[in-house]
Amino acid sequence: MALYGSLEWRGLRDRLLRERGRKCEDRGRTGTRIYCDHVVEICDGGAGLDVTNIKLRCGSCHTRKTADARAKRHGLR
Ligand SMILES: [Zn+2]
């Protein structure tokens, strides 16, 4: 996805981490790597640079959510 290498995305990510703190918004984990995750993924039509479509998540929540979205997309649940 070209978005992830773009200056706009990096700027937005830095801003969100600063504003919301380096904390998982699902489980409140801190002290771990935090990812900016799209609530509605871009390939599902979500807005890439809309802050309301972005949640900060730790690695395990990010992985779980990505697997969930993939399963839904393929009609597995
Ligand atoms: Zn988490």
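Refer to the structure presented above.
The rules behind the values
- Residues numbered from 1 in each chain as written.
- Predicted model: local features only at pLDDT ≥ 70, side-chain atom pairs only at ≥ 80, totals over all residues.
- Heavy atoms only, no water.
- Helix = DSSP H or I, 4+ residues; strand = E, 2+ residues; numbered from the N terminus.
- Rg over C-alpha atoms; globule rule 2.2 N^0.38 Å.
- Donors = N, O, S within 2.8 Å, 3.2 Å for Na, K, Ca; no water.
- Buried < 20%, exposed > 50% of the residue type's maximum accessible area, 1.4 Å probe, protein only.
- Salt bridge = Lys/Arg side-chain N within 4 Å of Asp/Glu carboxyl O.
- Core = buried A, V, L, I, M, F, W, Y, C linked by side-chain atoms within 4.5 Å.
- Contact = heavy atoms within 4.5 Å.

As a further point, take the overall build of the protein. What the protein contains, in helices and strands, is 2 helices and 2 strands. In sequence order, the protein lays out its α and β elements as α-β-β-α. For 77 residues, the compact-globule estimate of 2.2 N^0.38 gives 11 Å, and the C-alpha radius of gyration of the protein, at 13 Å, lies within 12% of that figure. Counting only C-alpha atoms and orienting by the principal axes, one finds that the protein spans roughly 35 × 25 × 20 Å.

Moving on, we come to the coordination of the zinc ion. Protein ligation of the zinc ion involves Cys 24 (SG), Cys 58 (SG) and Cys 61 (SG), the donor distances falling in the range 2.2 to 2.3 Å. For the zinc ion, the donor residues sit on a single chain with the sequence spacing C-x33-C-x2-C. When its relative accessible area of 0% is taken as the criterion, Cys 61 is described as buried.

Where charged atoms from two side chains of opposite charge approach closely, those side chains can pair. Counted by the stated rule, this structure contains 9 salt bridges. The partner of Asp 26 in a salt bridge is Arg 57, with the nearest N and O atoms 2.8 Å apart. Of the two residues, Asp 26 is situated in the loop between helix 1 (7-20) and strand 1 (34-38) and Arg 57 in strand 2 (residues 54-58); the sequence distance between them amounts to 31 residues. With a relative accessible area of 7%, Arg 57 lands in the buried category. Here Asp 37 ties to Arg 57 by a salt bridge, and the two come within 2.8 Å at their closest N and O atoms. With a gap of 20 residues between them, Asp 37 in strand 1 and Arg 57 in strand 2 connect regions that are remote in the sequence. For Asp 37, a relative accessible area of 5% puts it in the buried group. Salt bridges here are not isolated pairs; linked through shared partners, they connect Asp 26, Asp 37, Lys 55, Arg 57 and Arg 64.

What follows deals with the nonpolar core. Core analysis: the biggest nonpolar cluster contains 12 residues, these being Leu 3, Trp 9, Leu 12, Leu 16, Leu 17, Cys 24, Ile 34, Cys 36, Ile 54, Leu 56, Cys 58 and Cys 61. Breaking this core down by element, the ones donating at least two residues are helix 1, strand 1 and strand 2. In terms of residue count, the dominant contributor to this core is helix 1 (4 residues). Not counting the four nearest positions on each side in its chain, Cys 58 is found in contact with Cys 24, Arg 29, Thr 32, Arg 33, Ile 34 and Tyr 35.

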